[in-house]
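The lines below spell out each chain.
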Amino acid sequence: TCPTKKANAWAKPWRQPACQNYEMAFARSSTHKAVAVITGSRHKSSPMKLTHQTAEIFIPDGTPVNEALERTTHMGIGAHPDDLEFMALHGILECFQNPDQWFAGVTVTDGRGSARAGDYARYTDDEMRLVRRGEQKKAAVIGEYGAMVCLDFPSATIKKPGNRNLIEDLKA
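Residues numbered from 1 in each chain as written. Predicted model: local features only at pLDDT ≥ 70, side-chain atom pairs only at ≥ 80, totals over all residues. Heavy atoms only, no water.

### Focus on the overall build of the protein
Right, on to step 1. Broken down by element type, the protein carries eight helices and five strands.
Right, on to step 2. For the protein, the succession of helices and strands along the chain, N to C, is α-α-β-β-α-β-α-α-β-α-β-α-α. (Helix = DSSP H or I, 4+ residues; strand = E, 2+ residues; numbered from the N terminus.)

See the structure below:
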């Protein structure tokens, strides 16, 4: 049984995570094998053509990607992992457990530049990227997002004048 179903026994069935084992889905996220994950810039079933091979579209409830993106009624775009939960809280709450409204989140940067203190003091940039990606996916499951798109841009890249890759990814 899915451990989140026990933890979220109060949740309505249409918002249960589509997983056999939630912990395993996230434990494997560094290899891009979580439930309904589309990665890379040329994935055939993805409606989007994203710049980075490490970009990811995560669908917490396992709905096909096209369907999940089409059902979106509210969207938030945040520069950094965890920005959405502060900036787009209204939209997230409007959609939470509402079968007619779905939140889609977009995180632009990869989290490599995150602060390093306490438990994270010795983490490398690549380790922080994986931590932040996992946290964002967990937020998508807990918040019952319809979709979570991680564009995975390094912060320095999006600050460069004339770089149109971010604009093209957002238009996709």
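That shown, we press on.
### Comments concerning the pattern of salt bridges
Right, on to step 1. Scanning all chains against the criterion turns up 11 salt bridges.
Right, on to step 2. With a shortest N-O distance of 2.2 Å, R133 and E56 are connected by a salt bridge. Here R133 is found in helix α6 (residues 125–142), whereas its partner E56 is found in strand β2 (residues 56–58), with 77 residues between them in sequence.
Right, on to step 3. Judged by relative accessible area, E56 falls into the buried class, the value being 1%.
Right, on to step 4. D110 is paired through a salt bridge with R112; the nearest N and O atoms lie 2.6 Å apart.
Right, on to step 5. On the basis of relative accessibility, which here comes to 5%, the residue D110 falls in the buried class.
Right, on to step 6. Among the charged side chains, a network of salt bridges with common partners joins E56, R129, R133, K137 and D152. (Salt bridge = Lys/Arg side-chain N within 4 Å of Asp/Glu carboxyl O. Buried < 20%, exposed > 50% of the residue type's maximum accessible area, 1.4 Å probe, protein only.)

### Some words on the packing of aromatic side chains
Right, on to step 1. A full pass over the atoms with the stated rule returns two aromatic pairs.
Right, on to step 2. Ring centres 4.9 Å apart and planes at 70 degrees place the aromatic pair F103 and Y145 in the edge-to-face group. One end of the pair, F103, is in strand β4 (residues 103–109); the other, Y145, is in the loop between α6 and β5 (147–153), and 42 residues separate them in sequence. This pair shows no difference in class: F103 is buried, exactly as Y145 is.
Right, on to step 3. Between the NZ or CZ atom of R71 and the centre of the ring of W102, over which it lies, the distance is 3.6 Å.
Right, on to step 4. A cation over an aromatic ring shows up here: R132 above the ring of Y120, its NZ or CZ 5.4 Å from the ring centre. (Phe/Tyr/Trp six-rings, centres within 6.5 Å; stacked < 30°, edge-to-face > 60°. Lys NZ or Arg CZ within 6 Å of the ring centre and 35° of its normal.)

### As for the side chain of T109
Right, on to step 1. Within the element layout of this structure, T109 appears in strand β4.
Right, on to step 2. Taking the relative accessible area as the measure of exposure, T109 reaches 5% and is therefore buried.
Right, on to step 3. Discounting chain neighbours no more than four positions away, the residues touching T109 are A79, H80, P81, D152, F153, S155 and I158. (Contact = heavy atoms within 4.5 Å.)

### Side note on the environment of Y120
Right, on to step 1. With respect to the helices and strands, Y120 occurs in the loop between β4 and α6.
Right, on to step 2. As a C-alpha pair, Y120 and V131 span 11 residues in sequence and 9.6 Å in three-dimensional space.
Right, on to step 3. Excluding its chain neighbours within four sequence positions, the residues that come into contact with Y120 are M128, V131 and E135.

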